[in-house]
Amino acid sequence: MTVTEFLTEVRDQIGDEVTGYRWSNPDLLLYLNAGRRALWALHPEAFYVTEVVVGDYADLDANDDMDLVEHFLSPLMHFVCHRTLSEDSEDANQAALAASHFQLYVAEIGGG
């Protein structure tokens, strides 16, 4: 799966499918890479590693392939959805959806 395909799935989940998107690709990439860093700290085995990684690793951009084991794509999607929907948390429905996505993220990574 490519990063662009992943972001399309995120847009489907958050209802941001019409051109003139509410969330820009750079914003979604920011959240995607934040989620990858969180996963790296909790589950380094979630990543396909082809070389020794010391310290941090490079962020992904829209032209890259996802570097996660398939099992971890869903929790990462929930993390990104949570971060985007949290921007509109003054709306009770958006806040509830954000919280739901965060609960799914935690449950799917084995934290709850």
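This structure is a prediction, so every number in the text was calculated from the model and none was measured. (Residues numbered from 1 in each chain as written. Predicted model: local features only at pLDDT ≥ 70, side-chain atom pairs only at ≥ 80, totals over all residues. Heavy atoms only, no water.)

(A) Here's a closer look at the nonpolar core. One finds Phe6, Val10, Leu32, Met66 and Leu68 to be the most contacted residues of the largest nonpolar core, which totals 28 residues. Broken down by secondary-structure element, the contributors of at least two residues to this core are helix H1 (3-14), helix H2 (25-42), helix H3 (73-86) and helix H4 (92-108). In terms of residues, this core owes the most to one element, H3, which gives 7 residues. In this view, Val10 contacts Leu28, Met77, Val80 and Cys81; residues no more than four positions away in its chain are not counted. (Core = buried A, V, L, I, M, F, W, Y, C linked by side-chain atoms within 4.5 Å. Buried < 20%, exposed > 50% of the residue type's maximum accessible area, 1.4 Å probe, protein only. Helix = DSSP H or I, 4+ residues; strand = E, 2+ residues; numbered from the N terminus. Contact = heavy atoms within 4.5 Å.)

(B) Quick look at the side chain of His101. Tracing the chain through its elements places His101 in helix H4. The buried category is assigned to His101, whose relative accessible area is 7%. When neighbours within four sequence positions are excluded, His101 is seen to be in contact with Gln13, His78, Cys81, His82 and Leu85.

(C) Layout of H4. Here H4 is 17 residues long and its end C-alpha atoms lie 24 Å apart, about the 24 Å a rise of 1.5 Å per residue gives. For H4, the complete set of buried residues consists of Gln94, Ala98, His101 and Tyr105. Buried residues of H4, viewed axially, fall in a sector of 65 degrees; they line one side. In H4, those exposed residues whose orientation departs by more than 90 degrees from the buried face are Ala92, Asn93 and Gln103. Each element contacted by the buried residues of H4 is listed here: H1, H2 and H3. Its side-chain oxygen 2.8 Å from the backbone nitrogen of Asn93, Asp91 forms the N-cap of H4. (Expected span 1.5 Å × (residues − 1). Arc of directions from axis to C-beta. Polar contact = N/O pair within 3.5 Å; in protein donor to acceptor, adjacent residues only side chain to side chain.)

(D) Focus on the packing of aromatic side chains. Tallied over the full model, the rule gives 3 aromatic pairs. Residues Phe102 and Tyr105 carry aromatic rings whose centres are separated by 5.9 Å and whose planes lie at 40 degrees to one another, so their mutual orientation is tilted. In this pair, Phe102 and Tyr105 both sit in helix H4, 3 residues apart, roughly one turn of the helix. The structure contains a cluster of three or more aromatic residues connected by ring pairs, namely Phe79, Phe102 and Tyr105. A cation over a ring is seen here: Arg11 above Tyr21, with NZ or CZ 3.7 Å from the ring centre. (Phe/Tyr/Trp six-rings, centres within 6.5 Å; stacked < 30°, edge-to-face > 60°. Lys NZ or Arg CZ within 6 Å of the ring centre and 35° of its normal.)

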